[in-house]
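Residue-level structural notes
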Amino acid sequence: MEVFCTAIDEFEAETIIVDLMEAGFADNEIKVRLPEKTGSIAISVHADDSEGATFVKSILSDAGGQEIAIGNEGSSLEQRPTGTSANAKTPIDTLLNYRRQYP
(Lines give C-alpha, C1' and ligand atoms only; values in the text may rest on other atoms or scores of the structure.)
Protein backbone atom coordinates (compact mmCIF):
# COMPACT_ATOMS: atom_id res chain seq x y z
CA MET A 1 0.00 0.00 0.00
CA GLU A 2 1.29 3.45 -0.90
CA VAL A 3 0.28 6.86 0.43
CA PHE A 4 0.82 9.76 -1.98
CA CYS A 5 0.90 13.52 -1.63
CA THR A 6 2.23 16.58 -3.39
CA ALA A 7 4.39 19.38 -2.02
CA ILE A 8 4.23 22.88 -3.48
CA ASP A 9 8.03 23.26 -3.52
CA GLU A 10 11.24 21.54 -2.48
CA PHE A 11 11.20 23.17 0.96
CA GLU A 12 7.78 21.76 1.79
CA ALA A 13 8.93 18.40 0.36
CA GLU A 14 11.97 18.49 2.63
CA THR A 15 9.76 19.14 5.67
CA ILE A 16 7.56 16.20 4.72
CA ILE A 17 10.52 13.87 4.16
CA VAL A 18 12.25 14.88 7.41
CA ASP A 19 9.01 14.38 9.36
CA LEU A 20 8.59 10.92 7.82
CA MET A 21 12.17 9.96 8.62
CA GLU A 22 11.79 11.22 12.20
CA ALA A 23 8.69 9.01 12.47
CA GLY A 24 10.85 6.00 11.59
CA PHE A 25 10.39 5.56 7.85
CA ALA A 26 13.49 4.38 6.00
CA ASP A 27 14.92 6.03 2.87
CA ASN A 28 13.77 3.12 0.73
CA GLU A 29 10.16 3.56 1.90
CA ILE A 30 9.99 7.17 0.66
CA LYS A 31 9.92 7.99 -3.06
CA VAL A 32 10.18 11.47 -4.59
CA ARG A 33 9.18 12.50 -8.11
CA LEU A 34 10.37 15.92 -9.20
CA PRO A 35 8.89 18.24 -11.83
CA GLU A 36 10.93 19.16 -14.88
CA LYS A 37 11.74 22.76 -13.66
CA THR A 38 8.67 23.99 -11.84
CA GLY A 39 5.56 22.47 -10.38
CA SER A 40 4.53 20.23 -7.53
CA ILE A 41 6.79 17.54 -6.11
CA ALA A 42 5.15 14.14 -5.65
CA ILE A 43 6.01 11.98 -2.67
CA SER A 44 4.94 8.41 -1.96
CA VAL A 45 5.45 6.41 1.20
CA HIS A 46 5.13 2.66 1.68
CA ALA A 47 2.72 1.53 4.41
CA ASP A 48 2.27 -2.10 5.46
CA ASP A 49 -1.45 -1.90 6.20
CA SER A 50 -4.41 0.48 6.48
CA GLU A 51 -3.43 1.46 10.02
CA GLY A 52 0.03 2.40 8.77
CA ALA A 53 -1.51 4.31 5.86
CA THR A 54 -3.64 6.31 8.29
CA PHE A 55 -0.51 7.11 10.31
CA VAL A 56 1.32 8.24 7.15
CA LYS A 57 -1.63 10.40 6.07
CA SER A 58 -1.52 12.12 9.45
CA ILE A 59 2.20 12.89 9.10
CA LEU A 60 1.76 14.15 5.53
CA SER A 61 -1.14 16.37 6.53
CA ASP A 62 0.66 17.82 9.55
CA ALA A 63 3.74 18.54 7.39
CA GLY A 64 1.72 20.43 4.78
CA GLY A 65 1.26 17.72 2.14
CA GLN A 66 -1.39 18.42 -0.50
CA GLU A 67 -3.69 16.03 -2.41
CA ILE A 68 -3.09 13.13 -0.02
CA ALA A 69 -4.35 9.75 -1.26
CA ILE A 70 -3.87 6.03 -0.69
CA GLY A 71 -3.11 3.74 -3.63
CA ASN A 72 -2.04 0.21 -4.43
CA GLU A 73 1.57 -0.93 -4.33
CA GLY A 74 1.68 -1.13 -8.13
CA SER A 75 1.03 2.59 -8.51
CA SER A 76 4.31 3.55 -6.83
CA LEU A 77 6.22 6.60 -8.04
CA GLU A 78 9.27 4.39 -8.39
CA GLN A 79 7.73 2.95 -11.54
CA ARG A 80 7.49 6.44 -13.07
CA PRO A 81 11.01 7.81 -12.63
CA THR A 82 10.76 10.89 -14.86
CA GLY A 83 12.34 13.82 -13.08
CA THR A 84 14.00 11.82 -10.34
CA SER A 85 17.71 12.04 -9.68
CA ALA A 86 19.37 8.79 -10.76
CA ASN A 87 22.47 9.18 -8.56
CA ALA A 88 20.60 10.15 -5.38
CA LYS A 89 20.88 7.65 -2.55
CA THR A 90 18.18 9.15 -0.32
CA PRO A 91 15.07 11.30 -0.81
CA ILE A 92 16.96 14.28 0.68
CA ASP A 93 19.79 13.73 -1.85
CA THR A 94 17.15 13.87 -4.59
CA LEU A 95 16.00 17.29 -3.36
CA LEU A 96 19.55 18.60 -2.98
CA ASN A 97 20.40 17.52 -6.54
CA TYR A 98 17.23 19.22 -7.77
CA ARG A 99 18.19 22.48 -6.00
CA ARG A 100 21.60 22.39 -7.66
CA GLN A 101 20.06 21.75 -11.06
CA TYR A 102 17.35 24.44 -10.76
CA PRO A 103 18.63 27.11 -8.33
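So, here's what we can say about the structure. Here the structure is a predicted model, which is why all the values come from computation and not from measurement.

Conventions and cut-offs
- Residues numbered from 1 in each chain as written.
- Predicted model: local features only at pLDDT ≥ 70, side-chain atom pairs only at ≥ 80, totals over all residues.
- Heavy atoms only, no water.
- Helix = DSSP H or I, 4+ residues; strand = E, 2+ residues; numbered from the N terminus.
- Buried < 20%, exposed > 50% of the residue type's maximum accessible area, 1.4 Å probe, protein only.
- Polar contact = N/O pair within 3.5 Å; in protein donor to acceptor, adjacent residues only side chain to side chain.
- Salt bridge = Lys/Arg side-chain N within 4 Å of Asp/Glu carboxyl O.

Residue position: Ser 44 is located in strand 3 (residues 41-46). On the basis of relative accessible area, Ser 44 is assigned to the buried category, the value being 0%. In terms of polar contacts, Ser 44 uses its side chain to reach the side chain of Glu 2, at 3.4 Å.

Considering the arrangement of structural elements, one finds Ala 63 in the loop between helix 2 (50-62) and strand 4 (66-71). Residue class for Ala 63 comes out buried when judged on its relative accessible area of 11%. Sequence-wise, Ala 63 and Leu 20 are 43 residues apart; in three dimensions their C-alpha atoms are separated by 9.0 Å.

A few words on the pattern of salt bridges. Taken as a whole, this structure holds one salt bridge when the rule is applied. A salt bridge links Arg 99 to Glu 14, with the shortest nitrogen-to-oxygen separation between them at 2.6 Å. Note that Arg 99 is positioned in helix 3 (residues 91-101) and Glu 14 in helix 1 (residues 10-22), a separation of 85 residues in sequence.

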